[in-house]
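Read off the chains here:
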Amino acid sequence: MPPEEEPPEVLRGYYRQMALIRAFELRAGEMYQRARIGGYCHLNLGEEPTVVGLMAALESRDYLFTTYREHGYALARGLEPGRVMAELFGKTTGVSGGWGGSMHLFDAKARLLGGYGIVGGQLPPATGAALALAHRGEPGPDAEAVMCLLGDGTTNIGAFHESLNLAALWRLPIVYVIVNNRLGMGTTVERSAAEPDLYKRGCSYRIPGARVDGNDVLAVRDAARAALHRARTDRQPGLLETVSYRLRGHSVVDPARYRSREETERLRDLDPVPAFRAELLGAGVLDEADAARIDAEADQQVAAAVEFAEQSPDPTPDQLFTHAYATPVPNAPHLLPGDPVVSGEAGLWR
Amino acid sequence: MPPEEEPPEVLRGYYRQMALIRAFELRAGEMYQRARIGGYCHLNLGEEPTVVGLMAALESRDYLFTTYREHGYALARGLEPGRVMAELFGKTTGVSGGWGGSMHLFDAKARLLGGYGIVGGQLPPATGAALALAHRGEPGPDAEAVMCLLGDGTTNIGAFHESLNLAALWRLPIVYVIVNNRLGMGTTVERSAAEPDLYKRGCSYRIPGARVDGNDVLAVRDAARAALHRARTDRQPGLLETVSYRLRGHSVVDPARYRSREETERLRDLDPVPAFRAELLGAGVLDEADAARIDAEADQQVAAAVEFAEQSPDPTPDQLFTHAYATPVPNAPHLLPGDPVVSGEAGLWR
Amino acid sequence: MAVISYRQALHDTLRTELDRDSNVLLLGEEIGVFEGSYKITAGLLTEFGPERIRDTPISEEGFVGAAIGAAMLGLRPVVEIMTLNFSLLAIDQIVNHAAKMHAMFGGQVSVPMVIRTPGGGGQQLGATHSQNIEVWYAHVPGLKVVAPATPADAKALLTAAIRDDDPVLVLENLALYNTKGEVPDGEQVGEIGRAAVVRPGTDLTVVAYSRATVVALEVARQLADDGVSVEVVDLRSLRPLDRGTVCASVRKTSRAVVLEDDWLSYGVGAEIAATIQEGAFDYLDAPVRRVAAAEVPLPYAKPLELAALPDAAALTKVIHEVLDATRFTR
Amino acid sequence: MAVISYRQALHDTLRTELDRDSNVLLLGEEIGVFEGSYKITAGLLTEFGPERIRDTPISEEGFVGAAIGAAMLGLRPVVEIMTLNFSLLAIDQIVNHAAKMHAMFGGQVSVPMVIRTPGGGGQQLGATHSQNIEVWYAHVPGLKVVAPATPADAKALLTAAIRDDDPVLVLENLALYNTKGEVPDGEQVGEIGRAAVVRPGTDLTVVAYSRATVVALEVARQLADDGVSVEVVDLRSLRPLDRGTVCASVRKTSRAVVLEDDWLSYGVGAEIAATIQEGAFDYLDAPVRRVAAAEVPLPYAKPLELAALPDAAALTKVIHEVLDATRFTR
Ligand SMILES: Cc1ncc(C[n+]2csc(CCOP(=O)(O)OP(=O)(O)O)c2C)c(N)n1
Ligand SMILES: Cc1ncc(C[n+]2csc(CCOP(=O)(O)OP(=O)(O)O)c2C)c(N)n1
Ligand SMILES: [Mg+2]
Ligand SMILES: [Mg+2]
């Protein structure tokens, strides 16, 4: 039950976000099946309360580094669903101009500093972003901080160790959030981490850890807020673990055959979005009509997003070298496949 | 004071090994200054009791992976001082045939599986050697185990995290020994590790840790034996930290100016080799004459080692490709600088 | 002689070698319970058990390095790195350790391990998941690098790699897994270090490897109809590199084009062109031309990805340019 | 115009840029208290303090990646990797992250960072500590790679690198730190992407970079006494590569030799030879020859190390072979 003191409109807002993410992800899966989306496509299905809770705690002045499973974070961070869907479609109107795709959403204004496809690759840069904040600003309740997301399986890679050690050693304003959905592809936490209580893995750096129920949006929000507060005021890096379930396969193409039928059954009952909806109905925060309206609005937003993406222009080959370098220099290679390597007179032979 | 039950000849044997290592390292430093030894040269000065204690615990059936600071381990493992010195001189009679030098001592028969110059580089292979043992043999008091040495500064590299996690997850017969000499080059443990109690860093893998005084040869030996026993019988990987002082610079060329005069003074009083000598004299395990004889023998052994190295042949350029591949294959490159790339007819032009 | 897919050929070879030699074991992410990201190892866990088909955590440096240590003690680990891109996390173990040990320790130890990993773009996987950096490994003494283009070569070269006592990188290709071809029955042990003339011709030589060989053969077939006889040399082995076969072909045809999926500058094609101009200098009627990828981080959007990657059309265009420049007449 | 060492030029440039721009900070192992493994940063900690001269733990991937993140937020980190060999532990951050971000994120962010690191063998440091793998980085779009050969270029190119908004690898060389040369006073901003004819000549072109340029100049001076006029082209920048300058030189001399310290196959020399044979085909009187290191893990023993590494004698020998093959007469 949501605590009484929580303003109803806030709770409704959280449900609205969850409904949007849910609708967006289901539709993204569909669009992938229909080959409107290419590459890999990883969904936040089952992680909606975690996503919404974390983004509720993150202030607009803060910076966010995510994994490749980040559509929901982009939406909850306030990016237009149309521009997010357009990125999945590889359109010029996409948040990364069609260059990144599903795994690489980026928005400088929203301080969403990227989805990252290399497992653990986001940890050192996120740590460095926190270093820049520490380098420039003073600690305090209004200071900026960094939130860096990672999956449970990612706690086993070297970059996790090196990054947390640096953050603690240098006292950086960063909170690492382990989104524990119990699986890394087909591998359970127990089969991949010798300390499966992942929030305890800060022990090697004296970084305090906490674990919350990832299906409880308020618990997630409050724990993240508390960790961010310590990061801002004491420059105490934090490690927060949220525990939820990945409702579907690792990515859209994964049928997850490695899951028993029982588990798959059980997962249906564990779906946190209908659960939160029911909770709000039960608490009288929503009535059926409100809830239905919110669900319908989410569907409409997503339909509009798909429409926007469909209508948006594809990038054209002449844009291939637009982002070659931030600082242009002579002799930067601009050859297309089959071009002679030395252009002009030099390239010709008698 | 050495415990009464420790047989005097054992204690004398330990002193003999320490005296040999001390004499060898002082002489190696000298030879380096005289340019008989090239590259980098890292000495075990101050770590003699640690070296002797660890090697006393390691059975001949066990495997050893070390760092680049490993002369003493090679000697205590029973390698001929002459062949070790010859390696430092880059001679064909060296333990690695002159190919490895000071940082890369290897002896298959002694199961010394290498000194490694890349910080942390030895950890994954050592872990894999333990995997091979677990793959083939049964656990038990007589099972083989692996000992992998690393320095204090090396606990901060990703390979440390990945290796210990694998060892714990797979229950491998391996003991990681952190030889904490308080410095990584000029960096103290406190400036490099956010958890400076390094033996606690097994916490992230549920690997039990222990710390011993690296100047106490018996304590080191007994702690290592206990950890190896758990590794053999329960396949419980262990993490042992020995604490001692690096008496000189990081390598022979390092004047260690970053150390205060006071610290350098203090270090002289902390030298564990004369301390152990005095201890044995005080306990009547040695008398002055014995001790002087042991010291003299050590000097003679090292003098003979230098003589052997001096007299040994240099490798000749025709041996450059002897170790190119273990399995010969066609077209393996055997070109010397300046040779045409296509030999024979194909290489000629009209 | 059965017609099977490149994927099947790899799978069957792993199965055969696991059967044949109890020292062979597989290590990698998701190769067991998940049956492999690309399903090469499907079914092997059930057949050989978790000791020999070992799922690993996401720790490339750790498990590749562990395979090195296991190999030092005489096992023959075959490691799967999910894609070539992730090998960057293990490259210190591969290049600073596996490649160095045999020589650096005076020949006292060898590292009989295999690293299987697919490279290649064209799947809209974006800049970090579409790379072809095999040229890096091909540059390193102590390693062996093979890049089979057909199911038959996949079988023969993977078999050879597993039985070789040195570390061998077997470069697979995402775009080849579903391609089919005839594969001889029974034991087939390929020869690491040899290229092959996979299609004889007289007018021009195309040098390629991996997926590019398939494209080159397709283009050669098309050009045959226009009366152009293209010889295709499949490198098969990038290290050692069979310079003799390449140069012999060009000394016959006097024209050469290199096709590769990787970026142009400092790519495999550079070494091939450099080799040919030295080994067949007086036979060349025109410069060796290279057809390779545009030098940008590969974009996700399909039109940009297509523009960046070499294809049959680009190869055909360049072949015609070379023929025209040398006044070739049918 | 003062005569100072390559080390001094690097040190002074770092100091100047730290002074000039408060966003510049240095990160690396042992750069502060220890004053740098090779003392490039000596004294800077005292002058600029621990916030801007930041000693790091031994965590190459961590601190190189941290520099990337700091650069994304507008700082201009200059990272020292103790030697090029250790960059393998950070290469995922350099190649899969720093090199990709600007394009992969649609141009919204740039990564204005510098990685300074020395390569090179010849110091008896053995197989793992003597590598020249800059060709790997030169192969990667999104990176810029410079390799100064003189104190003056060290100053000019490091300055340019620090002020550039892209990730730039500044390749230093253990064997050059003590070399001396004239360095112009005042601000000198070099141009990344341009090679230079550092010695004009008419008979043969030697293309080189970093330490090899110094050797090439020495050989050119010696040969001048025998009446051979050698032109030396110093690449300076490996990425972008200035093909025009290289080809223009060879179109003039009609003979070319490439000298590099790295292994031969798939090295920088391969790209240069491939470029020349395409860009100056009809001007070449003989094949472009390459002088590079023997393809073995570099041995520790001095006689073996000497045999494996290219030197002035090898270059001279090859130059004479090319001259003789082309019936050159004084
Ligand atoms: C370095 C690296 N290794 C392997 C992969 C392939 N891979 C992509 S996601 C993934 C599983 C990650 O699991 P987890 O951290 O739990 O995140 P989740 O997908 O569950 O959100 C793997 C192995 C990769 N992208 N990068
Ligand atoms: C990956 C890597 N980074 C940096 C170095 C340079 N280096 C050699 S030894 C050393 C310090 C290691 O300290 P520690 O682990 O405490 O071992 P110790 O030298 O004290 O025995 C460093 C930084 C290296 N060899 N490898
Ligand atoms: Mg997960
Ligand atoms: Mg130390």
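Residues numbered from 1 in each chain as written. Chains lettered and ligands numbered in written order. Predicted model: local features only at pLDDT ≥ 70, side-chain atom pairs only at ≥ 80, totals over all residues. Heavy atoms only, no water.

Trainee: Summarise the coordination of the magnesium ion (ligand 4); cite the residues concerned and give the values.
Mentor: Asp152(B) (OD), Asn181(B) (OD1) and Leu183(B) (O) make up the full set of protein donors to the magnesium ion (ligand 4), lying at 2.0 to 2.2 Å. Counting residues between consecutive donors of the magnesium ion (ligand 4) along the chain gives the motif D-x28-N-x1-L. (Donors = N, O, S within 2.8 Å, 3.2 Å for Na, K, Ca; no water.)

Trainee: Which residues make up the packing of helix 2 (residues 48-57) of chain B against helix 8 (residues 217-234) of chain B, and what values do they have?
Mentor: Residues and elements named next belong to chain B. Look at helix 2 against helix 8: their axes get within 7 Å of each other, and the N-to-C directions meet at 35 degrees. Seen from above, helix 2 lies across helix 8 with right-handed handedness. Where helix 2 abuts helix 8, its residues Pro49, Thr50, Val52, Gly53, Leu54, Ala56 and Ala57 lie against Val217, Val220, Arg221, Ala224, Arg225, Leu228 and Arg232. (Axes fitted to C-alpha atoms, helices over the stretch in contact; angles between N-to-C directions. Helix = DSSP H or I, 4+ residues; strand = E, 2+ residues; numbered from the N terminus. Left-handed = near helix turned anticlockwise from the far one by under 90°. Contact = heavy atoms within 4.5 Å.)

Trainee: Describe in detail helix 1 (residues 6-20) of chain C, supporting the description with residues and values.
Mentor: The terminal C-alpha atoms of helix 1 of chain C lie 21 Å apart, and with 15 residues this matches the ideal 21 Å at 1.5 Å per residue to within 8%. Where helix 1 of chain C is concerned, the buried positions are Tyr6(C), Ala9(C), Leu10(C), His11(C), Thr13(C), Leu14(C), Glu17(C) and Leu18(C). (Expected span 1.5 Å × (residues − 1). Buried < 20%, exposed > 50% of the residue type's maximum accessible area, 1.4 Å probe, protein only.)

Trainee: Tell me what's going on with the site of ligand 1, and back it up with residues and numbers.
Mentor: Near ligand 1 there are 21 residues, and of these Tyr68(A), Arg69(A), Thr154(A), Leu183(A) and Glu60(C) occur at the shortest range. In this structure, Gly117(A) approaches ligand 1 through a main-chain N or O atom, which is 2.9 Å from a nitrogen atom. The contact in question runs from a nitrogen atom of ligand 1 to an N or O atom on the side chain of Glu60(C), over 2.6 Å. Look at ligand 1: alone it shows 590 Å² of surface, and the protein chains cover 96% of it. Of the residues that constitute the shell around ligand 1, the class distribution is nine nonpolar, eight polar and four charged. (Near = heavy atom within 4 Å. Polar contact = N/O pair within 3.5 Å; in protein donor to acceptor, adjacent residues only side chain to side chain. Areas by Shrake-Rupley, 256 points an atom, 1.4 Å probe, with all protein chains shown as cover. Nonpolar A, V, L, I, M, F, W, Y, C, P; charged D, E, K, R; others polar.)

Trainee: Could you give an account of helix 7 (residues 211-225) of chain C, naming the residues involved and the relevant values?
Mentor: One turn of an α-helix holds 3.6 residues; hence residues three or four places apart share an orientation. All names here are of chain C. For helix 7, spanning 15 residues, the distance from its first C-alpha to its last is 23 Å, which sits close to the expected 21 Å at 1.5 Å a residue. Inspection of helix 7 places Ala212, Thr213, Val215, Ala216, Leu217, Val219, Ala220 and Leu223 among the buried residues, and these make up the whole buried set. In this structure, the buried residues of helix 7 make contact with strand 9 (196-199), strand 10 (204-208), strand 11 (230-234), strand 13 (256-263) and helix 11 (312-325). Immediately downstream of helix 7, the backbone of Gly227 shows phi near 80 degrees, a positive value.

Trainee: Can you lay out the coordination of the magnesium ion (ligand 3) for me, pointing to particular residues and giving the numbers?
Mentor: Residue and element names in this part refer to chain A. Note on the magnesium ion (ligand 3): its protein donors are Asp152 (OD), Asn181 (OD1) and Leu183 (O). The metal-donor distances range over 2.0 to 2.2 Å. Spacing between the donor residues of the magnesium ion (ligand 3) along their common chain follows D-x28-N-x1-L. Of this pair, Asp152 sits in the loop between strand 3 (146-151) and helix 6 (158-169) while Leu183 sits in strand 5 (residues 183-184), and the two are 31 residues apart along the sequence. On the accessibility criterion, Asp152 (2% relative accessible area) is buried. Residue Leu183 is classed as buried on the basis of its relative accessible area, which comes to 10%.

Trainee: Residues and numbers for the interface of chain C and chain B, please.
Mentor: Chain C puts 62 residues into the contact, and the matching count from chain B is 50 residues. Viewed at the interface, chain B and chain C are joined by zero salt bridges. The interface formed by chain C and chain B contains 18 residue pairs in polar contact (both at pLDDT 80 or more). For the side of chain C that touches chain B, the elements supplying multiple residues, two or more each, are strand 2 (24-28), strand 3 (53-55), helix 3 (60-72), helix 4 (91-104), helix 8 (243-253) and helix 9 (268-279) of chain C. Among the elements that line the side of chain C that touches chain B, the one with the most residues is helix 3 of chain C, at ten residues. (Salt bridge = Lys/Arg side-chain N within 4 Å of Asp/Glu carboxyl O.)

Trainee: Break down the interface of chain D and chain C for me, with residues and values.
Mentor: Taken together, the contact between chain D and chain C spans 51 residues of the former and 51 residues of the latter. If you sort the residues of chain D by the area they bury against chain C, Trp136(D), His139(D) and Tyr266(D) come out on top, with a joint share of 20%. At the junction of chain D and chain C, the tally comes to six salt bridges. Residue Arg239(D) is joined to Glu295(C) by a salt bridge in which the shortest nitrogen-to-oxygen separation is 2.5 Å. Remark: the boundary between chain D and chain C carries 26 residue pairs in polar contact (both at pLDDT 80 or more). (Buried area = accessible area lost by both parts, 1.4 Å probe.)

Trainee: Outline the relation of the copies chain D and chain C, listing residues and values.
Mentor: The operation relating the two chain copies consists of a rotation about an axis and a shift along that axis. Superposing chain D onto chain C requires a rotation of 180 degrees together with a translation of 0.0 Å along the rotation axis, leaving an RMSD of 0.0 Å. In short, the pair behaves as if placed about a two-fold rotation axis. Among all residues of chain D, the minimum C-alpha distance to the rotation axis is found for Ala274(D), at 2.4 Å. A share of 100% of the interface residues of chain D reappears at the interface of chain C, consistent with the copies meeting face to face through the same patch. (Least-squares fit on C-alpha atoms with pLDDT ≥ 70 in both.)

Trainee: With reference to specific residues and values, describe the site of ligand 2.
Mentor: Taken together, the neighbourhood of ligand 2 is formed by 21 residues, with Tyr68(B), Arg69(B), Thr154(B), Leu183(B) and Glu60(D) sitting nearest. Those residues lying near ligand 2 are distributed over chains B and D. Between ligand 2 and Tyr68(B) there is a distance of 2.7 Å, counted from an oxygen atom to a side-chain nitrogen or oxygen. At 2.9 Å, a backbone N or O of Gly117(B) approaches a nitrogen atom of ligand 2. Here ligand 2 loses 96% of its free accessible area of 580 Å² to cover by the protein chains. The residue makeup of the shell around ligand 2, split by class, is nine nonpolar, eight polar and four charged.

Trainee: Residues and numbers for the confidence of the model for chain A, please.
Mentor: Within chain A, residue pLDDT values average 96, and 97% of them lie at 70 or more. Residue range residues 345-350 of chain A is modelled with pLDDT below 50. Its contacts to residues more than four positions away, or to other chains, number 16 contacts. (pLDDT = per-residue confidence, 0-100.)

Trainee: Hey, could you go over the sheet that holds strand 14 (residues 289-293) of chain C for me, with residue numbers and the actual values?
Mentor: All names here are of chain C. The sheet built from five strands is open, its strands ordered 9-11-10-13-14 with mixed pairing. Sheet topology places strand 9 and strand 14 at the edges, where each strand pairs with a single neighbour. Going across the sheet, the axis of each strand differs from the next one's by a mean of 25 degrees, ignoring polarity. Judged from the five bridges that link them, strand 10 and strand 11 form a sheet pairing that is parallel. Residue pairing in the sheet places Val206 in a bridge with Val232 of strand 11. (Pairing = 2+ DSSP bridges.)

Trainee: So what's going on with the nonpolar core? Residues and values would help.
Mentor: Grouped together as the largest cluster of nonpolar side chains are 243 residues, with contacts concentrated most on Met72(C) and Met72(D). Once residues within four sequence positions are removed from consideration, Met72(D) is found in contact with Phe65(A), Phe106(A), Leu113(A), Tyr116(A), Pro125(A), Met101(D), Val109(D), Ser110(D) and Val111(D). (Core = buried A, V, L, I, M, F, W, Y, C linked by side-chain atoms within 4.5 Å.)

Trainee: So what's going on with the side chain of Arg259(B)? Residues and values would help.
Mentor: Residues and elements named next belong to chain B. Among the structural elements, Arg259 can be located in the loop between strand 8 (238-243) and helix 9 (261-270). Judged by relative accessible area, Arg259 falls into the buried class, the value being 9%. Engagement of the side chain of Arg259 in a polar contact is seen with the backbone oxygen of Arg246, the distance being 2.6 Å. At a separation of 3.3 Å, a polar atom in the side chain of Arg259 contacts the side chain of Glu263. In contact with Arg259, not counting residues within four places along its chain, are Leu183, Arg246, Leu247, Arg248, Thr264 and Leu267.

Trainee: Tell me what's going on with the packing of aromatic side chains, and back it up with residues and numbers.
Mentor: Tallied over the full model, the rule gives 15 aromatic pairs over all chains. For the ring pair Phe65(A) and Tyr116(A), a centre distance of 6.0 Å and an interplane angle of 20 degrees mean the geometry is stacked. Separated by 51 residues along the polypeptide, Phe65(A) in strand 1 (residues 63-67) and Tyr116(A) in strand 2 (residues 112-116) bring together distant segments of the chain. The same class applies to Phe65(A) and to Tyr116(A), which are both buried. Across from the ring centre of Tyr245(A), 3.9 Å away, lies the NZ or CZ of Arg182(A), which sits over that ring. The positively charged end of Lys144(C) is found above the aromatic ring belonging to Tyr325(B), 4.5 Å away from the centroid. (Phe/Tyr/Trp six-rings, centres within 6.5 Å; stacked < 30°, edge-to-face > 60°. Lys NZ or Arg CZ within 6 Å of the ring centre and 35° of its normal.)

Trainee: Pulling in residues and values, what's your account of the pattern of salt bridges?
Mentor: Counted under the stated rule, the structure contains 84 salt bridges over all chains. One salt bridge in this structure joins Arg259(A) and Glu263(A), with 3.3 Å as the shortest N-O distance. Exposure remark for Glu263(A): the relative accessible area of 22% places this residue in the partly exposed category. Via salt bridges that share partners, Glu195(A), Asp197(A), Lys200(A), Arg211(A), Glu241(A) and Arg206(B) belong to a single interconnected network.

Trainee: Give me the lowdown on the state of the cysteines, citing residues and values where you can.
Mentor: Under the criterion given, the structure shown has one disulfide over all chains. A sulfur-sulfur distance of 2.1 Å marks the disulfide that ties Cys203(A) to Cys203(B). On the sign convention where negative is left-handed, the bridge of Cys203(A) and Cys203(B), at about 100 degrees about the S-S bond, is right-handed. One end of the pair, Cys203(A), is in the loop between helix 7 (189-192) and strand 7 (209-213); the other, Cys203(B), is in the loop between helix 7 (189-192) and strand 7 (209-213), on a second chain. (Disulfide = S-S within 2.5 Å.)

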